[in-house]
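Tertiary structure, described
Residues per chain, in single letters:
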Amino acid sequence: MALVSAIDQMENTLPKTISILGSTGSIGCNTVDLINHAPKKFKVQALSANNNVDLLAKQARQLNARLAVIANPNLYNDLKNALAGTNTVVAAGPRGLIEAAALPSERIIAAIVGAAGLAPTLESVRRGATIGLANKECLVSAGALFTEEVEKYGATLLPVDSEHSAIFQVFDFKQEKKVEKIILTASGGPFLNFTKKQMSLATSTEAVAHPNWKMGAKISIDSATMMNKGLELIEAYHLFPVEEPQIEILIHPQSVIHSMVEYIDGSVLAQLGTPDMRTPIAYAISWPERMETPSQRLSLAEIGTLTFETPDIDKFPSLLLAREALIAGGSAPTILNAANEIAVHKFLTGEINFLDIAENVDKALQNLTITNINSLDDVISADTEAREFASSIL
Ligand code: NDP
């Protein structure tokens, strides 16, 4: 017994190996920041970026990473030169991302944006990894196929999204039938109090400027349309043992209560905190323990008032589209996600107006045939078809 606890203690003091897929993004940089605050706790294995060679090389040098991968294969030489004289192995392209995901790190942070993260995240799943999942789009896109692989290979998913991290922390998995509902809170984004007319004229700068959270461009636009909450609804359905009608969405503009679970006795358990992604990321990288974070502490006395309201589906139709796609099943969530990624890109490049984003997604769902998803190839084909369709909408 004494020997076992001595070994346990030793293991707790050994640094945990960790890889970050998408280390140069908003979630990636917050993860790196936490590692820099606790350098003895972690040993970095792989880091990856899409195009940002300079930041990736800087992170790899600073953290002495074993492997650095640039997804854009044309930038391989740039990264190689930037890391000359270090021990970091350099790789590029889709195969490089798979290599990064396959390294036997004790923790993987899946923080690539969009369905581009699906193949590498699935690779980590298939080696039974413990994954801090930020990349909700890969779960939305592949749905049950993804969670079946998690089950089959004995992988562990730890939510990074603040809402799902909150639910994970207050969900009683030993009494799952005693859960009446999950209440996903939503800030409502920058256009909560805009009229539809104002929304139709919104610029990408206004849409990206989230009132509470600093995030990457894609998720910021998703928050403004509230498609982010729609994707989170589908994410919650796959992460927790509840049915679709048991997941409620509630507007809470202060982003203090990160989500709640209501039980059959009327008790509602919530997790609260300041809007700082380092708190849920810290839980995902240190689970089942907790680690210190530099996040600002919550002062409810200073905040004073917490408010709540029901979402306006007319202003935020993406919420309904996501719920309908979840109910329809098959390739509907894949189509929803792919069409949304294209529509967000078109809005950011000025091709469509803000309200067209949800309209384009709706058109894709109305016009494309919903098929069964039995394999990764089925996901890829539904995703490709939806991207082509959404790109062709004028
Ligand atoms: P960012 O856009 O800030 O970062 C995305 C990361 O993925 C970057 O490292 C980027 O590299 C890399 N990347 C982008 N495209 C590709 C590609 N095609 N192939 C490989 N790598 C790619 O996104 P966020 O950090 O905001 O979001 C990441 C994920 O986390 C999303 O799924 C988002 O929904 C989720 N999430 C984010 C939150 C946040 O606070 N930001 C909160 C909750 C969830 P490069 O820098 O070179 O472009």
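Structural data are supplied above this passage.
Residues numbered from 1 in each chain as written. Predicted model: local features only at pLDDT ≥ 70, side-chain atom pairs only at ≥ 80, totals over all residues. Heavy atoms only, no water.

1. Let's talk about the sheet that holds strand β3 (residues 67-70)
Pairing in this open sheet of seven strands is parallel, and the strands run β4-β3-β2-β1-β5-β6-β7 from one edge to the other. Since the sheet does not close on itself, it has two edges, and those belong to β4 (89-92) and β7 (156-159), each with one partner. The mean inter-strand angle of the sheet, taken between neighbouring strand axes irrespective of direction, is 20 degrees. Of the strand pairs in this sheet, strand β2 (residues 42-49) and β3 are connected by four bridges, and their pairing is parallel. (Pairing = 2+ DSSP bridges. Helix = DSSP H or I, 4+ residues; strand = E, 2+ residues; numbered from the N terminus. Axes fitted to C-alpha atoms, helices over the stretch in contact; angles between N-to-C directions.)

2. Focus: the site of the ligand
In the vicinity of the ligand, 25 residues are found, and the nearest of them are Thr24, Ser26, Asn51, Asn52 and Glu137. A distance of 3.3 Å separates an oxygen atom of the ligand from a polar backbone atom of glycine 22. One of the backbone N or O atoms of serine 26 is found 2.9 Å from an oxygen atom in the ligand. Calculation on the ligand without its partners gives an accessible area of 900 Å², and the protein chains cover 85% of this total. Mapped by element, the contributors of at least two residues to the shell around the ligand are α2 (26-37) and α7 (136-153). Of the residues belonging to the shell around the ligand, the class tally is twelve nonpolar, ten polar and three charged. (Near = heavy atom within 4 Å. Polar contact = N/O pair within 3.5 Å; in protein donor to acceptor, adjacent residues only side chain to side chain. Areas by Shrake-Rupley, 256 points an atom, 1.4 Å probe, with all protein chains shown as cover. Nonpolar A, V, L, I, M, F, W, Y, C, P; charged D, E, K, R; others polar.)

3. Description of the pairing of strand β1 (residues 16-21)
Counting buried residues along β1, six of its six residues qualify, which places the element largely inside the surrounding structure. Residues Lys16, Ile18 and Ile20 of β1 are buried on one face, and the alternating residues Thr17, Ser19 and Leu21, pointing to the opposite face, are buried as well. Relative to β2, β1 runs parallel, the two being bridged by four bridges. The residue bridging lysine 16 from the neighbouring strand is phenylalanine 42, located in β2. A crossover connection joins β1 to the parallel β2 through α2; in handedness this β-α-β unit is right-handed. As judged from the four bridges shared by β1 and strand β5 (residues 107-110), these two strands associate in the parallel manner. When the bridges of β5 are listed, isoleucine 18 appears paired with arginine 107. (Buried < 20%, exposed > 50% of the residue type's maximum accessible area, 1.4 Å probe, protein only. Right-handed = clockwise from strand over helix to strand, strands pointing away.)

4. Points about the sheet that holds strand β10 (residues 257-263)
Pairing is mixed across the open sheet formed by four strands, whose spatial order is β9-β8-β10-β11. Strands with a single pairing partner mark the edges of an open sheet, and in this sheet they are β9 (247-251) and β11 (268-272). When strand polarity is set aside, the average angle formed by the axes of neighbouring strands in this sheet is 20 degrees. Where β10 meets β11, five bridges bridge the pair, whose relative direction is antiparallel. Paired with methionine 260 across the bridge in β11 is alanine 270.

5. Remarks on the nonpolar core
Grouped together as the largest cluster of nonpolar side chains are 122 residues, with contacts concentrated most on Leu79, Phe146, Ile182, Phe240, Leu336 and Phe354. When residues of this core are assigned to their parent elements, the largest contribution, nine residues, is made by helix α16 (residues 332-348). Excluding its chain neighbours within four sequence positions, the residues that come into contact with phenylalanine 146 are Leu118, Thr121, Leu122, Val125, Cys138, Leu139 and Leu157. (Core = buried A, V, L, I, M, F, W, Y, C linked by side-chain atoms within 4.5 Å. Contact = heavy atoms within 4.5 Å.)

6. A word on empty space enclosed by the protein
Counting across every chain of the model gives one cavity of 30 Å³ or more. When its volume is computed, the largest cavity comes out at roughly 60 Å³. Lining the largest cavity, in full, are Met199, Thr225, Lys315, Phe316, Pro317, Ser318, Phe354, Leu355 and Ala358. With three residues, helix α17 (residues 354-367) is the largest single contributor of residues to the lining of the largest cavity. Of the residues in the lining of the largest cavity, the class split is six nonpolar, two polar and one charged. (1 Å grid on protein atoms, 1.4 Å probe; cavity = no way out; pocket = protein on both sides within 12 Å on 5 of 7 lines; lining within 4 Å. Points joined across faces, edges and corners; volume = space filled by probe spheres on them.)

7. Some thoughts on the pattern of salt bridges
Under the counting rule described, the total for this entry stands at 14 salt bridges. As a salt-bridge pair, arginine 126 and glutamate 149 come within 2.6 Å of each other at their nearest N and O atoms. Of this pair, arginine 126 sits in helix α6 (residues 118-126) while glutamate 149 sits in helix α7; the two residues are 23 residues apart in sequence, bridging distant segments of the chain. Classification of arginine 126 by relative accessible area gives partly exposed; the value is 36%. Look at glutamate 149 and you get buried, because its relative accessible area is 11%. When the shortest N-O distance is used, the salt bridge between arginine 387 and glutamate 341 registers 3.1 Å. Separated by 46 residues along the polypeptide, arginine 387 in helix α18 (residues 376-392) and glutamate 341 in helix α16 bring together distant segments of the chain. Look at the salt bridges and you will find they share partners, linking Lys136, Asp161, Glu163, Lys229 and Glu232 into a network. (Salt bridge = Lys/Arg side-chain N within 4 Å of Asp/Glu carboxyl O.)

8. Considerations on a nonpolar patch on the surface
Nonpolar side chains collect at one region of the surface, where Leu272, Leu300 and Ile303 lie side by side and expose about 220 Å² of accessible area between them. Topologically, isoleucine 303 is positioned in helix α14 (residues 300-303). On the accessibility criterion, isoleucine 303 (34% relative accessible area) is partly exposed. (Patch = residues over 30% accessible without salt bridge, like charges linked within 9 Å, V, L, I, M, F, W, Y side chains within 5 Å.)

9. Some words on the environment of methionine 277
Structurally, methionine 277 is set in the loop between β11 and α13 (278-286). Each C-alpha atom, one on methionine 277 and one on serine 26, is 9.1 Å from the other, the two residues being 251 residues apart in sequence. Dropping the residues within four chain positions of it, methionine 277 is found in contact with Ile27, Asn30, Val160, Asp161, Ser162 and Trp213.

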